[in-house]
Amino acid sequence: MSKRINECYKIAKFAASLKRSMKVFPYIGYLITFFPFFALLLSKGFLTTSSFLLISPFILAMAGGFMYNTVCDAEKDPAEKNPITKGELSPRVVLSCSAMSTLISLGLFILFYTSKTALLLSVAYIFLWLAYSGLKIRFKESYLAPAVASFVLWSGGPLILLAEFNYFDPVTSSLLLGIFLTYVSFEINHTVGDYEIDLKYHCRTFAVRMGKKKAVMVKHITMALGYSLLSIGAYYWSTPRSFIPIFLFLFPISQLLMITLDKLDFSLAWKVFPKFFFVSPFFIIKLFIVLYSLMVLALPATYFLLFIWIFLTDKQSLSI
């Protein structure tokens, strides 16, 4: 009996470590950027209830990419951050799981997508996932890192979805480019936050290469450009008159708050203001995406409030 319990414990421990190598699987927080494009495609009659299967290849591609990232970063990550560095998993096991997940993802792309453009983009998407951390390219330690990360995590999936239906117009194009630039800013912010630890472990990320002050400046510029394009996309769709002014009012306030905190020590700022994320530009952009999508779907007020409540109480969606 004790032997069986011990085996179950080992299996559970292995599963937990493998999940940690995949980061925040199943990536609900990252998939939020699909929402407005699904809403627009649904409103135009392109999608059915089974169309949500179109998201499944991206979940497995992310899992494969994150596991490969865990293998490639094992030598530079601190032990508490990486299960391979900590000795919980062997690189060979994680690499095998990564390869399997990536191959299944590619198979699902071929199964569910029919557009040649979408399929070519999906191959490029998987390649960038792997090249971000390895393949002797390692975009992660280059100036292109925030752009590549924004593509594979946030904007590449919606681009492939739109390519499948060849649905590009001023609304979808502005929203897509706005999301891309917004999350370039988000990824730069991530490197700024990890600046000290990346410097310590000789990881030449965007902020380390450019310098912290310049990286912060680029972060705010790309955020402002991204937000402007999101507002243009909302304007072209003819959203309710109150929607755009509210966000045009909230955004500069949140930007000023973030600029103020940028002048403080980053780690200290987050200790002093642990709930700052709720008034940051990144939270406001996510709220923008959710509200915009709900208005496109024209849901009754009860469902509208229910979705907002779920969004505001989902820790994973808010923490990424």
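Just above, that's the structure.
Scope of this entry: the structure provided in the associated data block. (Residues numbered from 1 in each chain as written. Predicted model: local features only at pLDDT ≥ 70, side-chain atom pairs only at ≥ 80, totals over all residues. Heavy atoms only, no water.)

## Some details on the side chain of serine 115
Next, step 1: Checked against the element boundaries, serine 115 lands in the loop between α5 (91–112) and α6 (116–133).
Next, step 2: Overall, serine 115 belongs to the buried group, its relative accessible area being 14%.
Next, step 3: Discounting residues that sit within four places of it in the chain, serine 115 has contacts with Ala163 and Glu164. (Helix = DSSP H or I, 4+ residues; strand = E, 2+ residues; numbered from the N terminus. Buried < 20%, exposed > 50% of the residue type's maximum accessible area, 1.4 Å probe, protein only. Contact = heavy atoms within 4.5 Å.)

## Details of empty space enclosed by the protein
Next, step 1: As enumerated under the stated definition, the model contains two cavities of 30 Å³ or more in all.
Next, step 2: By volume, the second largest cavity amounts to about 40 Å³.
Next, step 3: In terms of lining, the second largest cavity is formed by 14 residues, of which the most central are Phe34, Met62, Val152, Leu153 and Gly157.
Next, step 4: If you list the elements that add at least two residues to the lining of the second largest cavity, you get α4 (56–72) and α7 (145–165).
Next, step 5: Per-element tally for the lining of the second largest cavity: the top contributor is α7, with eight residues. (1 Å grid on protein atoms, 1.4 Å probe; cavity = no way out; pocket = protein on both sides within 12 Å on 5 of 7 lines; lining within 4 Å. Points joined across faces, edges and corners; volume = space filled by probe spheres on them.)

## With respect to the pattern of salt bridges
Next, step 1: According to the stated counting rule, one finds five salt bridges in the structure shown.
Next, step 2: Residue aspartate 73 pairs with lysine 140 through a salt bridge whose shortest N-O separation is 2.2 Å. Residue aspartate 73 is found in the loop between α4 and α5, and its partner lysine 140 is found in the loop between α6 and α7; the two are separated by 67 residues along the sequence. For the pair aspartate 73 and lysine 140, one class covers both residues: buried. (Salt bridge = Lys/Arg side-chain N within 4 Å of Asp/Glu carboxyl O.)

## Considerations on the nonpolar core
Next, step 1: Ranked by internal contacts, the top residues of the largest apolar core, which has 80 residues, are Tyr125, Phe243 and Tyr292.
Next, step 2: One finds Val184, Tyr195, Val208 and Ala215 within the second-largest nonpolar core, a separate group that totals nine residues. (Core = buried A, V, L, I, M, F, W, Y, C linked by side-chain atoms within 4.5 Å.)

## Looking at α5
Next, step 1: Taking 1.5 Å per residue as the helical rise, α5 with its 22 residues ought to reach 32 Å, and the 31 Å between its terminal C-alpha atoms agrees with that figure.
Next, step 2: What α5 keeps buried is the set Val94, Ser98, Ser101, Thr102, Ser105, Leu108 and Phe109. Projected onto a plane normal to the axis of α5, the buried residues spread over an arc of 120° and lie on a single side. Structural note: α5 exposes Arg92, Met100, Leu103, Ile110 and Leu111 on the side pointing more than 90 degrees away from its buried face. (Expected span 1.5 Å × (residues − 1). Arc of directions from axis to C-beta.)

## Here's the deal with a nonpolar patch on the surface
Next, step 1: Residues Ile246, Phe249, Leu250, Ile253 and Leu257 make up a contiguous nonpolar surface patch of about 440 Å² in total accessible area.
Next, step 2: For isoleucine 253, a relative accessible area of 39% gives the class partly exposed. (Patch = residues over 30% accessible without salt bridge, like charges linked within 9 Å, V, L, I, M, F, W, Y side chains within 5 Å. Areas by Shrake-Rupley, 256 points an atom, 1.4 Å probe, with all protein chains shown as cover.)

## Topic: unusual backbone geometry
Next, step 1: The step from phenylalanine 25 to proline 26 runs through a cis peptide bond, and the omega angle for that step is 10°.
Next, step 2: For proline 26, the location among the structural elements is in the loop between α1 (2–21) and α2 (28–31).
Next, step 3: Of note, the phi angle at leucine 135 is positive, near 55°, even though the residue is not glycine.
Next, step 4: A residue is classified by how much of its surface remains accessible, and leucine 135, at 39% relative accessible area, is partly exposed.
Next, step 5: Even without glycine at this site, asparagine 166 takes up a positive phi of about 50°.
Next, step 6: Mapped onto the elements of the fold, asparagine 166 is located in the loop between α7 and α8 (170–193).

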